[in-house]
Amino acid sequence: MDRETARQLKQEARLKKREEKARKKADKLARKEAKKAERRSRPPSALLKEFWNLPNMLTMGRIAIIPLFVWFTYDADPFFSYLAAALFTLAAVTDVIDGFLARRWNMITVTGKLLDPLADKLIVMAALVMMVRLGRIHAWIVIVLLSREFIVTGLRQIAASEGMVIAAGQEGKWKTSL
């Protein structure tokens, strides 16, 4: 084989390699676009549908105000303490409202059953921890309460992994409010 033929074969091989690379890139892009189109045409999942309702949004709002509540209680300033009390009261009221709306509108969801008691625990525990910081309650009491809540939450998670949902009972709701 002479030099010219060898050069020509090399050039053809390079061209073939470039074409193959361009084809693979186009195939990859086409698959990516097809996936996007499939995602757009697919209806939202059941969990996503049940998450976006007013009772669950109120519960998420309760969780979102916890850092603000902690910030208000941090320095024990009288004005900020009143604001913290107002936030805590707002959280309690929205807890009642979201439960009422969920039952009234038949929007009781797995997400709500999990998030509602969690939001209650988080804000109550934040209040108790801040009371320890301010010297208004003994730390050992908060440690016992926190431990109990972690145990109950852990048991709920184990039950959830087995397909069971353990919703908060009326007794637990009364205990939380006290």
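Before reading on, note that the structure itself is shown above.
A quick note: this is a predicted structure, and the numbers were derived from the prediction, not measured.

Chemist: Give me unusual backbone geometry: which residues, what numbers.
Modeler: Leaving glycine out, the prevailing phi sign among residues is negative, and the prevailing peptide bond configuration is trans. For Ala 76, which is not glycine, the phi torsion reads 60° and is therefore positive. The topology assignment puts Ala 76 in the loop between α4 (66-73) and α5 (78-104). Its relative accessible area of 31% is what places Ala 76 among the partly exposed residues. One non-glycine residue with positive phi stands out, namely Asn 106, at about 55°. Within the secondary structure, Asn 106 is located in the loop between α5 and α6 (110-133). A relative accessible area of 67% means that Asn 106 is categorised as exposed.

Chemist: Can you explain the packing of aromatic side chains? Please cite residues and give values.
Modeler: Taken as a whole, this structure holds five aromatic pairs when the rule is applied. For the ring pair Trp 71 and Phe 72, a centre distance of 5.5 Å and an interplane angle of 35° mean the geometry is tilted. A centroid spacing of 5.6 Å and a plane angle of 50° characterise the contact between Trp 71 and Phe 80, whose relative ring orientation is tilted. By relative accessible area, which is 56% here, Trp 71 ends up exposed. Judged by its relative accessible area of 29%, Phe 80 falls in the partly exposed class. Cluster of aromatic residues (ring-pair linked, three or more members): Trp 71, Phe 72, Phe 79 and Phe 80. Between Arg 133 and the ring centre of Tyr 74, over which it is positioned, the NZ or CZ distance is 3.8 Å.

Rules used in this analysis
Residues numbered from 1 in each chain as written. Predicted model: local features only at pLDDT ≥ 70, side-chain atom pairs only at ≥ 80, totals over all residues. Heavy atoms only, no water. Helix = DSSP H or I, 4+ residues; strand = E, 2+ residues; numbered from the N terminus. Buried < 20%, exposed > 50% of the residue type's maximum accessible area, 1.4 Å probe, protein only. Phe/Tyr/Trp six-rings, centres within 6.5 Å; stacked < 30°, edge-to-face > 60°. Lys NZ or Arg CZ within 6 Å of the ring centre and 35° of its normal.

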